[in-house]
Amino acid sequence: MGCEFTFIHCADLHLGSRCWGSRHDDPALGKRFYESTFASFRKIVDLGLARADFMVISGDIYDELTETPRTRLFFASEMKRFSKPCFIVTGNHDARHSWSESIPYPPNVYQFGASPSKYRVNIRGTPVEVTGISFDGPHTDENLVAKLRGSPGVFTVGVVHCEVGTAGGYAPCSMEDFLGKDIQYWALGHIHKRMVLREAEPAVIYPGNIQGRDISESGEKGCMLVHVDGGNVSAEFVPTQEILWKEVAADITGKATLGELIASVRAEIPSDSIIGLDIVGRGPLNRPIRRDPAGLAERIEEETGCPTTIRKLTCTDDIDLEKLAQGETLASAVVKAGDSFYNMSEEELLDAICCTAPSKDVRMYLEYFAKHGRLHDLVREAQLSAVSRILEGSE
Amino acid sequence: MRILRIRIGSFGRLKDRDMEMSPGLNAVYGPNEAGKSTLRSFITTTLFPKSKVGYPTPKTSDSGSVDVLLENGDRVTFTKDGKKSNGVGSVLCGIDDKEYVSIYSMQPEDLRDVDRLENGGIRNRFLTIPGGGDLPGAYEAINSERTALLPDGRRSPTCGITRLVDAENNAARRVRELQNRESGDNRYSELVRRKGELTAQLESAQATFDTADKNRLDSNAFAHRAEDLQKLEALVEREKALAYSENTDPSKLEVLDTDIKNRRTVFERASQKEDACRTALEGRDPELYMRYKKKIEQLDRFSADYEFYRSSSVPAEAAPASRGGLPMLTIAGAGVAIVGIAVAALVNVIAGGAVAAIGAIIAVFGLRSRGSAPAPAPAPVRQDNDTARRMEEALDQVASVFDIPRRGYHADVRTLMDGLRTSESYREAASELKAAEASLKQASDARELFLSGYKGEEGYRRAVADSKELISVRSQIEALRASTSNVPEAPVDTDTAESAYSTAQSNLSALKEELSSIDQALKDIGGDTSVEDALTASSDASDKVYDACYRWARLMMEKLILDKASEEAYGSHRPEVMERADGFLSLMTDGRYSMSTDPRDTELAIVDRGTGEKKVAKEWSSGLEDQVKLSVKMAVSLSLSKEKPPVILDDILLTSDSGRKKAACKALAQLSEDIQVIYFTCDRETRDFLASEGASVTDL
């Protein structure tokens with residue numbers, strides 16, 4: 001294992017996937033969103049051409065619906081351009097193949113099947129092994145990680161799409177499954193947030209997806225550039241995202257005007273990013289912002305050139321909610337009622353909200369928010385909105 | 001505050017009245033026009049002077065007083081004097097005059113006016129818990145947006161979320177349709193397979209075409225070989241005929257002509273110069289000038305001294321000095337003397353003589369001074385005069401030879417000199433002309449000699465054309481020799497070869513055309529954005545649904561929070577006024593109705609205790625409406641002010657039936673335990689009901 005080489009580990013390309021959560025009906029922005037996953041992958045290939053010996057992709061190259069001729073042709077073309085060996089597994093989103101017969105990948109692409117297999121590449125005279133296993137369908141309860149093994153004495157990369165530490169239907173596994181397998185680098189996919197679960201012996205890494213698609217996937221996105229020297233692994237994250245989603249907290253506390261508030265957040269807004277604004281704090285700006293939150297977003301967008309949406313509106317008047325809760329007014333009761341809902345679980349909240357007959361139709365949509373823990377944010381927003389309404393009306 | 005005594009001096013139709021009131025329930029009975037409303041107006045405007053009760057019209061003669069007992073035991077008298085009153089009920093009770101008329105001093109129309117209850121501060125203060133007054137507004141804002149997205153009762157096809165979900169389903173259906181249309185990659189695959197076949201066929205067809213093309217060329221070449229050989233022979237003959245012209249320089253004649261042209265220009269310039277000189281000499285012989293050259297130049301040299309030698313009047317001694325320059329003093333003295341003599345002769349003898357004398361003195365002085373300088377050698381004066389004469393004679397001689405007009409020595413000499421110089425130019429021009437003529441002749445001779453080699457200019461020009469043709473002929477000979485030297489035996493005859501070529505070409509074109517259409521079809525599929533566009537539309541539609549659902553859920557949560565908050569708040573803080581109103585209403589309706597205390601109500605509402613049904617104002621009969629509003633106002637009257645002003649009611653039960661009157665009187669009696677009640681009526685039945693409830697009755 002004394003050789004020195006470099007490879008790229010990326011996952012969850014979701015080529016052609018659409019972005020969510022910004023304003024609709026803006027064709028230019030829509031096109032920019034649409035092109036973003038392609039642009040990010042193009043940068044990864046550029047990086048690979050310049051610095052890597054091979055590449056591994058740990059699943060979800062496409063979404064189920066987005067494996068169209070265009071996306072497949074794009075990927076095949078980029079792989080041909082890359083020309084160096086590339087090892088891929090499929091994940092839960094791209095397990096079903098389309099266009100594989102007519103738009104085949106170039107011969108430098110090695111695709112693992114639903115059973116474990118191994119490939120060896122010779123890098124400057126030293127063999128490196130890559131083993132992997134693909135999803136056979138959109139779900140699997142099988143522990144795919146447990147099925148992989150490396151070869152003693154040969155640096156081995158394990159490529160798999162899986163979920164660590166859960167019991168869900170996405171190849172669940174535990175950290176113990178990665179140990180003692182003669183695999184020195186576990187190239188994982190599925191989780192869109194970048195995570196280094198274990199730095200070495202073996203390294204276990206989720207690189208995250210290559211392009212954020214909504215504000216919940218904020219921050220830099222890209223790939224890992226993994227350098228191996230004498231068997232020692234050092235993994236460097238390289239951002240390649242085309243669009244940066246950025247959560248920005250706008251604290252109204254101590255601000256007298258919207259201009260002051262905007263000035264306070266400008267420095268936190270990188271150019272060309274998409275902004276999700278969390279409006280927090282207490283002060284006199286609560287009322288004007290609540291009356292026209294979209295107006296604030298538009299002003300920030302005008303001044304920064306970055307598309308901006310209000311993600312959370314949890315500001316209040318200049319009041320102490322804890323003290324207010326101790327009173328005997330309706331506003332006090334509202335604070336306490338909101339707190340009582342806040343203490344419920346996401347599932348209980350889902351039941352509470354879907355209490356009318358027609359609401360059964362929207363439950364499936366709200367389950368998405370429940371799954372992402374957004375209902376508690378929703379309760380807090382509703383509570384503070386209700387408090388503002390009652391206090392404003394009482395004046 | 002309770003009224004103890006009312007004294008009226010004059011007010012409307014009431015004059016000199018003095019009546020006492022009970023601190024509890026009072027009934028003032030009298031027929032129509034007896035002055036009941038006037039008395040109510042007197043009390044109201046005396047206690048609350050700004051009240052607008054409207055009847056009777058205030059007069060300056062109005063007078064009277066009202067004695068009241070305050071809660072603290074003080075007794076106060078408020079006096080009306082004319083249009084003014086010193087009543088301070090508003091200050092004492094902390095309510096404004098409008099509130100007094102709306103809640104305490106009512107006619108039937110005042111009873112039904114609940115504007116002060118529902119829209120003023122009274123609702124927030126007494127009918128709900130603190131902060132609850134605007135709950136209905138909050139609910140309205142939340143529910144209007146929320147139910148527009150998704151109604152509570154039945155699913156509506158027109159609500160916001162349903163429409164968005166429909167749009168999402170349509171967009172998703174469109175995606176499925178397009179993807180099914182594409183049917184995986186079958187069509188694409190077929191096109192790729194066919195392209196592979198065609199590519200192979202094309203390769204073979206191209207080879208066939210190349211062979212056919214070669215065969216065609218070979219057969220054509222073989223067929224044309226004999227013809228080509230004959231052509232070659234003729235060309236060889238022609239080459240021989242043209243060979244003489246091989247070295248003909250096509251530009252040589254042009255060079256020679258240019259040379260002649262240039263020399264002719266030189267010749268013409270020399271000729272013009274000679275003509276100009278001849279004209280300037282005006283017919284005189286230039287050679288004659290040349291013969292007299294020395295003489296003319298001698299005359300010219302003498303020209304400078306001519307004047308000196310010619311002057312015979314100057315003394316001989318002065319002549320050399322004059323040559324060298326007479327002393328200026330001598331000349332000036334002589335001048336002055338001459339002027340003096342002239343003046344003496346013509347103007348004044350004495351002055352002129354004086355001037356002449358001075359001039360003579362100056363002249364003499366000048367001569368003396370000169371005499372003191374070293375004297376030069378004396379000039380041979382007589383000889384010089386001879387020289388001048390000799391030169392003049394010489395000039396005369398030369399002038400006559402050239403026959404020039406005589407204008408004096410200098411002019412004549414200049415004329416001769418001009419003639420001499422022109423003659424010299426003439427000789428030079430004549431020499432140049434001669435040389436140019438010789439040069440031109442030499443060039444013409446050279447051209448003639450050159451052309452003689454071609455037998456004239458025509459021959460030369462033909463030779464030039466032939467030399468060009470010779471080059472072409474030799475090139476053709478070379479090509480024909482090459483093409484005829486290695487012509488193989490043709491494999492097929494020309495017709496067969498042409499036919500095979502045509503077939504191969506046709507096959508090749510057809511294959512290329514099909515391949516091109518397949519490439520286009522593949523490109524179309526690869527570049528088809530309809531699936532992509534549908535995916536984008538579907539994604540956008542889903543995004544909108546999720547947005548709307550989140551918004552709806554937040555509003556629903558807000559409603560749930562307000563529901564829970566109001567339930568808990570009212571459970572623990574039921575407003576006292578509503579409790580009392582509930583009691584009065586129950587009393588007046590024999591327990592059938594209670595007040596609804598739901599803070600979400602946007603208007604007064606009651607609940608039927610039997611059915612639990614809530615009824616709002618529009619569902620009440622007029623009698624029930626009076627009962628509800630009276631109950632609420634009675635309850636409010638007990639809480640609105642600590643210094644409770646008297647409740648003055650002007651026949652508000654007049655239109656009620658007996659049962660309602662009786663029940664109302666019971667409620668009024670109960671009310672009068674806490675606040676003074678004065679009821680004016682023209683209705684005997686009401687009077688009796690009040691009396692039976694213990695009212696103190698005053699008959700007007």
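Residues numbered from 1 in each chain as written. Chains lettered and ligands numbered in written order. Predicted model: local features only at pLDDT ≥ 70, side-chain atom pairs only at ≥ 80, totals over all residues.

A. Focus on the interface of chain B and chain A. Tallying the contact residues gives 52 residues for chain B and 49 residues for chain A. Secondary structure elements with two or more residues in the side of chain B that touches chain A: α7 (135-149), α8 (160-182), α9 (186-223), α21 (494-527) and α22 (530-572) of chain B. Looking at the side of chain B that touches chain A, the element that brings in the most residues is α22 of chain B, giving 26 residues. Each residue belonging to the side of chain B that touches chain A can be placed in one class, and the counts come to 28 nonpolar, 11 polar and 13 charged. (Contact = placed C-beta atoms within 7 Å. Helix = DSSP H or I, 4+ residues; strand = E, 2+ residues; numbered from the N terminus. Nonpolar A, V, L, I, M, F, W, Y, C, P; charged D, E, K, R; others polar.)

B. Region of the structure containing the packing of helix α23 (residues 576-588) of chain B against helix α25 (residues 658-671) of chain B. Residue and element names in this part refer to chain B. Between α23 and α25, whose axes approach to 8 Å, the crossing angle comes to 145 degrees. Listed contacts from α25 to Phe-584, Leu-587 and Met-588 of α23 are Ala-663, Ala-664, Lys-666, Ala-667 and Gln-670. Tallied by class, the residues present in the contact of α23 with α25 amount to 6 nonpolar, 1 polar and 1 charged. (Axes fitted to C-alpha atoms, helices over the stretch in contact; angles between N-to-C directions.)

C. Region of interest: the pairing of strand β2 (residues 54-58) of chain A. All names here are of chain A. β2 sits mainly inside the fold: 5 of its 5 residues count as buried. Of the two faces of β2, both are covered, the one formed by Phe-54, Val-56 and Ser-58 as well as the one formed by Met-55 and Ile-57. Relative to β2, strand β1 (residues 4-10) runs parallel, the two being bridged by 4 bridges. Each residue of the ladder has a partner; that of Cys-10, found in β2, is Ile-57. Two strands pair when backbone bridges link them, and β2 and strand β3 (residues 86-89) are joined in this way by 4 bridges, in the parallel orientation. Looking at the pairing, Ser-58 lines up with Val-89 of β3. As a crossover connection, the stretch from β2 through helix α2 (residues 69-82) into β3 is right-handed. (Buried ≥ 20, exposed ≤ 12 C-beta atoms within 10 Å, placed from the backbone. Pairing = 2+ DSSP bridges. Right-handed = clockwise from strand over helix to strand, strands pointing away.)

D. The arrangement of the packing of helix α3 (residues 258-266) of chain A against helix α5 (residues 293-304) of chain A in detail. Residue and element names in this part refer to chain A. Where α3 contacts α5, the axes come no closer than 11 Å and their chain directions differ by 50 degrees. Put simply, α3 runs oblique to α5. Read as a crossing pair, α3 and α5 show a hand that is right-handed. Residues Leu-258, Ile-262 and Arg-266 of α3 form the contact with α5, whose own contacting residues are Leu-296, Arg-299, Ile-300, Glu-303 and Thr-304. Here the contact of α3 with α5 is composed, by residue class, of 4 nonpolar, 1 polar and 3 charged. (Parallel < 35°, antiparallel > 145°, perpendicular 65-115°, else oblique. Left-handed = near helix turned anticlockwise from the far one by under 90°.)

E. Focus on the sheet that holds strand β13 (residues 696-699) of chain B. Residue and element names in this part refer to chain B. The parallel open sheet is built from 5 strands, whose spatial order is β7-β11-β12-β3-β13. Among the strands making up the open sheet, the edge pair consists of β7 (105-106) and β13. Together, β3 (25-29), β11 (647-650) and β12 (677-681) form the strand contacts of α25, whose direction differs from that of β12 by roughly 150 degrees. Here helix α26 (residues 684-692) sits on the sheet in contact with β3, β12 and β13, set at roughly 155 degrees to β3.

F. The confidence of the model for chain B, seen in detail. Residue and element names in this part refer to chain B. Residues with a pLDDT of 70 or more make up 86% of chain B, whose mean pLDDT is 84. Low pLDDT (under 50) marks residues 312-326, which in the prediction has 15 contacts with non-local residues, meaning those over four places away or in another chain. Here residues 369-380 scores under 50 on pLDDT; set against residues more than four positions off or in separate chains, the count is 11 contacts. For this predicted complex, the interface confidence reaches an ipTM of 0.83, while the overall pTM sits at 0.58. (pLDDT = per-residue confidence, 0-100.)

G. Broad picture of the sheet that holds β1 of chain A. All names here are of chain A. The strand order β4-β3-β2-β1-β13-β14 describes an open sheet built from 6 strands, whose pairing is mixed. Single-partner strands in this sheet number two, and they are β4 (109-111) and β14 (232-239). The mean inter-strand angle of the sheet, taken between neighbouring strand axes irrespective of direction, is 20 degrees. Helix α1 (residues 27-51) contacts β1, β2, β13 (222-229) and β14 of the sheet and is inclined by roughly 175 degrees relative to β1.

H. Expanded view of helix α7 (residues 330-342) of chain A. The end-to-end C-alpha distance of α7 of chain A, which contains 13 residues, comes to 18 Å, matching closely the 18 Å that a straight helix rising 1.5 Å per residue would cover. Among the residues making up α7 of chain A, those that are buried are Leu-330, Ala-331, Ser-332, Ala-333, Val-334, Val-335, Ala-337, Gly-338 and Phe-341 of chain A. (Expected span 1.5 Å × (residues − 1).)

I. Quick look at the environment of Ile-606 of chain B. All names here are of chain B. With respect to the element layout, Ile-606 can be found in strand β9 (residues 605-608). You can call Ile-606 buried: it has 25 C-beta atoms within 10 Å. Between the C-alpha atom of Ile-606 and that of Asp-582, which follows or precedes it by 24 residues, the distance is 9.0 Å. Residues contacting Ile-606, with those up to four places away along its chain left out, are Leu-585, Tyr-593, Ser-594, Met-595, Ser-596, Lys-615 and Val-628.

J. Main features of the environment of Thr-140 of chain A. Residue and element names in this part refer to chain A. Within the element layout of this structure, Thr-140 appears in the loop between β6 (126-133) and β7 (155-161). Under the C-beta neighbour-count criterion, Thr-140 is labelled buried, with 20 such atoms within 10 Å. Linking Thr-140 and Pro-172, residues 32 residues apart in sequence, is a C-alpha distance of 8.3 Å. Those residues in contact with Thr-140, other than ones at most four positions away along the chain, are Phe-135, Gly-169 and Ala-171.

K. Structural view of the environment of Ala-205 of chain B. Residue and element names in this part refer to chain B. Along the chain, the position of Ala-205 falls in helix α9. For Ala-205, a count of 20 C-beta atoms within 10 Å gives the class buried. It is 8.4 Å that separates the C-alpha atoms of Ala-205 and Gln-505, two residues lying 300 residues apart in sequence. Once residues lying within four places of it in the same chain are set aside, the contact partners of Ala-205 are Ala-504, Asn-507, Leu-508 and Leu-511.

L. Expanded view of the pairing of β12 of chain B. Residues and elements named next belong to chain B. In terms of residue burial, β12 counts as a mostly covered element, since 5 of its 5 residues are buried. Burial of β12 is two-sided: the residues Val-677, Tyr-679 and Thr-681 facing one way and the residues Ile-678 and Phe-680 facing the other way are all buried. The pairing of β3 with β12 spans 5 bridges and is parallel. Bridge assignment links Ala-27 to a residue of β12, and that residue is Tyr-679. With 4 bridges joining them, β11 and β12 adopt parallel strand pairing. For Leu-649, the partnering residue across the bridge sits in β12 and is Tyr-679. Handedness of the crossover joining β11 and β12 through α25: right-handed.

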